[in-house]
Amino acid sequence: MSGASGRLDGVLARYQEIEERLADPEVLADHRALTELGREQSRLRPVVEISHRLDAARQAEAEARELLERESDPEMIEMIKEELKGQRETMERLETELPVLLLPPDPNDDRPVIVEIRSGTGGDEAALFAADLFRMYQRYAALRRWPVEVLDSGITEGGGFNRVTFEVDAPGAYSRLKFESGVHRVQRVPATEAQGRIHTSTASVAVLPEPDELEVVIRDEDIEIDVYRSTGHGGQSVNTTDSAVRITHRPTGLVVTCQDEKSQLKNKNKAMKELAARLYDRMQREQQDAISAERRSMIGSGDRSEKIRTYNFKENRISDERLDGPIYRLEALMAGELDLVIDPLIVVQQARLLAGDADGR
């Protein structure tokens, strides 16, 4: 408890410091500093608000106790006892919520994301499954009113995706979609299967937090840009112009492509946005050695080779490797109700972090 109390004092002091800095003309003139401080203030505000509400509840409870000691009227005593009960229930609830809010934050949680889905083992069925996952994320984003924009895609003859990369341009998207990184496995009877046999296919998902413009600097001399004619199912106007863009980042060897727009400039801008996210992700991974193995286990390594979830269509079952038991609501999940899995994963993450805190780690 003393550790949590110390962190709370630190948060309150830091919040006060941020408020003072945000009134500083020099900070107001510095876009990057203003953005970073504003983001940190937003992250700390719920802690400050609950702390103030908890202080108010404690004060009200103490005042009610004093009144009870002096009161002799039976009717007033009952009223004060009800007030005491209400304030104590409020205190208990806030005292439960506060430690969760004091957990070490993921610095990327409030960022938009770029998501890449690639078909894995299973041929055409894997490509169709990749398309199903894309539609699931589209529907989830629509439920949350998050805008989705496709950056690049490779459509197969059967109407699936061998790859699709898209942006979810909404603050906080990473805090929920980060749990999706890894290998997704499907067990179902393909439409082309005449004998009704269940096939197993896979698709990989990578969720990349988007950096701010000033966090990743890409120098012109470090990139090579190629333009070429778009291919696939983009339509005649796309496929007959040199609008597709391929960008190679020489220092790292990273290559990104975009061909979904008719405009070469739009494709270049989208590709640069994806390249920045991949470079930021690379920077984060290089720093992972400083992160404890236990923390990495909260959401997994994010490696696409790590299987995280199985979708069994025959049994309407979702089995997530990080949860204790299956969830028999696959149809709802595919319709966009992804919180069926994400909410329990957040609870598991918080419980493990709290247990680690209690052990002094």
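The structure under discussion appears in the preceding block.
This is a predicted model, so every value here is computed, not measured.

## Digging into the nonpolar core
- Counting residues in each nonpolar core, the largest one holds 38 residues, and the members touching the most others are I117, L133, Y137, L177 and Y311.
- Broken down by secondary-structure element, the contributors of at least two residues to this core are strand 1 (113-119), helix 5 (123-143), strand 3 (161-168), helix 6 (173-177), strand 5 (199-209), helix 10 (330-334) and helix 11 (339-358).
- At nine residues, helix 5 tops the list of elements feeding residues into this core.
- Beyond its immediate chain neighbours, meaning those up to four positions away, I117 contacts A130, L133, F134, Y137, N162, R163, V164, F166, A203, S204 and V205.

## Here's the deal with helix 3 (residues 31-70)
- Relative to the 58 Å expected for 40 residues at 1.5 Å per residue, helix 3 spans 57 Å between its end C-alpha atoms, a close match to the ideal helical length.
- The sharpest bend along helix 3 reaches about 35° and sits at L44, with the proline P46 one to four residues further on.
- Looking at where helix 3 begins, the residue whose side-chain oxygen comes 3.2 Å from the main-chain nitrogen of R32 is D30.

## A closer look at the sheet that holds strand 5
- The seven strands are arranged 2-3-1-5-4-9-10 in an open sheet whose pairing can be described as mixed. The open sheet is flanked by strand 2 (148-155) and strand 10 (317-320), the only strands paired with a single partner. With strand direction ignored, the average angle separating the axes of adjacent strands in the sheet is 15°.
- Pairing between strand 9 (residues 307-312) and strand 10: four bridges, direction antiparallel. Opposite R309, over in strand 10, you have D320 as the bridge partner.
- Sheet strands in contact with helix 8 (residues 264-286) are strand 1, strand 2, strand 3 and strand 5, and its direction is about 90° off that of strand 5.

## Section: the environment of T192
- Position of T192 relative to the elements: it lies in the loop between strand 4 (182-188) and strand 5.
- You can call T192 exposed: its relative accessible area is 76%.

## Digging into the sheet that holds strand 6 (residues 223-228)
- Pairing in this open sheet of three strands is antiparallel, and the strands run 6-7-8 from one edge to the other. Two strands close off the open sheet at either side, each with one partner strand: strand 6 and strand 8 (254-258). Here the strands of the sheet are splayed against their neighbours by 15° on average, with no regard to which way each runs.
- Summarising the sheet, strand 6 and strand 7 (residues 244-249) pair through six bridges and their orientation is antiparallel. Residue pairing in the sheet places V227 in a bridge with V245 of strand 7.
- Docked against the sheet, helix 8 engages strand 6, strand 7 and strand 8, running at close to 145° with respect to strand 8.

## Side note on the environment of S263
- Mapped onto the elements of the fold, S263 is located in the loop between strand 8 and helix 8.
- A sequence separation of 21 residues divides S263 from D242, and the C-alpha atoms of the two residues are 9.0 Å apart.
- Polar contacts involving the side chain of S263 include one to the main-chain amide nitrogen of L265, which spans 3.2 Å.

## Overview of the packing of aromatic side chains
- For the structure on display, the rule yields five aromatic pairs.
- Their ring planes at 35° and their centres at 6.4 Å tell us that Y137 and F166 sit as a pair that is tilted. With Y137 in helix 5 and F166 in strand 3, this residue pair connects regions lying 29 residues apart in the sequence.
- Taking relative accessible area as the criterion, Y137 reaches 4% and is therefore assigned buried.
- The exposure class of F166 is buried, given its relative accessible area of 1%.
- Their ring planes at 90° and their centres at 5.8 Å tell us that Y140 and W146 sit as a pair that is edge-to-face. Here the two residues Y140 and W146 agree in accessibility, since each one is buried.
- Site record: aromatic cluster; members linked through ring pairs are F134, Y137, F161 and F166.
- Here the basic side chain of R188 rests over the ring of F313, its NZ or CZ set 4.9 Å away from the ring centre.
- Note that R246 overlies the ring of Y228, its terminal NZ or CZ placed 4.6 Å from the centroid.

Calculation notes
Residues numbered from 1 in each chain as written. Predicted model: local features only at pLDDT ≥ 70, side-chain atom pairs only at ≥ 80, totals over all residues. Heavy atoms only, no water. Core = buried A, V, L, I, M, F, W, Y, C linked by side-chain atoms within 4.5 Å. Buried < 20%, exposed > 50% of the residue type's maximum accessible area, 1.4 Å probe, protein only. Helix = DSSP H or I, 4+ residues; strand = E, 2+ residues; numbered from the N terminus. Contact = heavy atoms within 4.5 Å. Expected span 1.5 Å × (residues − 1). Bend = angle between axes of the 7 residues up to and from the residue. Polar contact = N/O pair within 3.5 Å; in protein donor to acceptor, adjacent residues only side chain to side chain. Pairing = 2+ DSSP bridges. Axes fitted to C-alpha atoms, helices over the stretch in contact; angles between N-to-C directions. Phe/Tyr/Trp six-rings, centres within 6.5 Å; stacked < 30°, edge-to-face > 60°. Lys NZ or Arg CZ within 6 Å of the ring centre and 35° of its normal.

None of this, on its own, says anything about what the molecule does.
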